[in-house]
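# Results of the structural survey
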Amino acid sequence: MEKVTLKIKYLTEDMEPLCYVDGKSDWIDLRCAETTELECGQFALIPLGVAIALPEGYEAHIVPRSSTFKNFGIIQTNHMGVVDESYCGDGDQWFMPAYALRDTKIEKGDRICQFRIMKHQPKIEFEECSSLGKADRGGIGSTGTR
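My aim in this report is to walk through the structure given alongside it, one point at a time. Numbers given to residues run from 1 along each chain, matching the order in which its sequence is written. Two thresholds apply to this predicted model, a pLDDT of at least 70 for residue-level local features and 80 or more for giving and counting side-chain atom pairs, whereas whole-chain, interface and lining totals are computed over all residues. Calculation of side-chain values draws on the structure's entire complement of heavy atoms; hydrogens and water are dropped beforehand.

## Focus: the environment of Met-15
In this description a helix means any DSSP run of H or I spanning at least four residues, a strand means any run of E spanning at least two, and both kinds are numbered starting from the N terminus. Following the sequence through the fold, Met-15 ends up in the loop between strand 1 (7-10) and strand 2 (28-31). In the structure, Met-15 is positioned 17 residues away from Cys-32 in sequence and 9.1 Å away in space, judged by C-alpha atoms. The contact definition used throughout considers only heavy atoms, calling two residues in contact when any of these lie within 4.5 Å. When residues no more than four places from it in sequence are discounted, the contact partners of Met-15 are Tyr-10, Arg-31, Cys-32, Ala-33 and Leu-48.

## Thoughts on the pairing of strand 8 (residues 81-84)
Think of it in three bands: with a 1.4 Å probe and only protein chains considered, a residue is buried below 20% of the maximum accessible area for its type, exposed above 50%, and partly exposed in between. The alternating pattern of strand 8 places Gly-81 and Val-83 on a buried face and Val-82 and Asp-84 on a face that is not buried. When DSSP finds two or more bridges between a pair of strands, those strands are recorded as paired. Relative to strand 8, strand 6 (residues 58-64) is paired through four bridges, and the arrangement is antiparallel. Bridging across to strand 8, His-61 finds its partner in Val-82.

## Structural notes on the pattern of salt bridges
Salt bridge, as used here: a side-chain nitrogen of Lys or Arg that lies within 4 Å of a carboxyl oxygen of Asp or Glu. Within the structure shown, the criterion is met by six salt bridges. A salt bridge links Asp-26 to Arg-116, with the nearest nitrogen and oxygen atoms 2.6 Å apart. Taken together, the positions of Asp-26 in the loop between strand 1 and strand 2 and Arg-116 in strand 11 (residues 111-119) put the pair 90 residues apart, joining distant regions of the chain. Classification of Asp-26 as partly exposed rests on a relative accessible area of 40%. Under the relative-accessibility criterion, Arg-116 is labelled partly exposed at 25%. The partner of Glu-107 in a salt bridge is Lys-105, and the shortest N-O contact between them spans 3.6 Å. Residue classification places Glu-107 among the partly exposed residues on the basis of a relative accessible area of 36%. The partly exposed category is assigned to Lys-105, whose relative accessible area is 42%. Linked by salt bridges that have partners in common, Asp-29, Arg-65 and Arg-111 make up one network.

Following this line, the structure appears as C-alpha cells:
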C-alpha cells in the first residue's frame with residue numbers, strides 16, 4: 001500500500017493528535033476544537049483545530065461519523081466536504097458546517113467527523129451516443145428493501 005505523508009498544524013492547544021482507529025477503518029476522526037452549543041435550527045461552522053497540507057493531486061473528503069447525529073443531533077450541511085490541496089496555509093483551518101436538529105452541546109475534543117484522502121479523478125472526456133448498449137436496471141430504488 002502506498003504511504004503518503006501529510007503536514008499538519010494543530011491550531012488548538014491540547015488537541016489529541018490525529019490517528020487511525022487501529023484495525024477498524026482507514027478513515028481518520030476529527031475532533032471539535034472548541035466547545036460549541038447550538039439551538040435547534042441553528043447553523044455553525046465547527047472548527048476542527050487543524051490545518052493540513054495535502055500532497056499535490058490529492059483531496060480530502062470530510063463526512064460525519066456514523067454516531068454524530070445520534071450523539072449530537074447535528075447534520076453536516078454539505079453532506080460531504082471536499083478540501084483540495086490548494087487549501088494548505090497555516091491559517092486554513094478545517095471546519096464542519098453543521099445544522100442542529102435539536103439543542104446540543106459539543107465539547108472540545110468530541111469526535112464529530114472523519115476524513116480520508118483520495119487521488120483526484122482522472123481527466124474525463126464525454127462521448128455523446130444514442131445508446132449506451134447496456135440493459136436498464138429498473139430505475140432508482142429498484143433493488144427493494146431486503
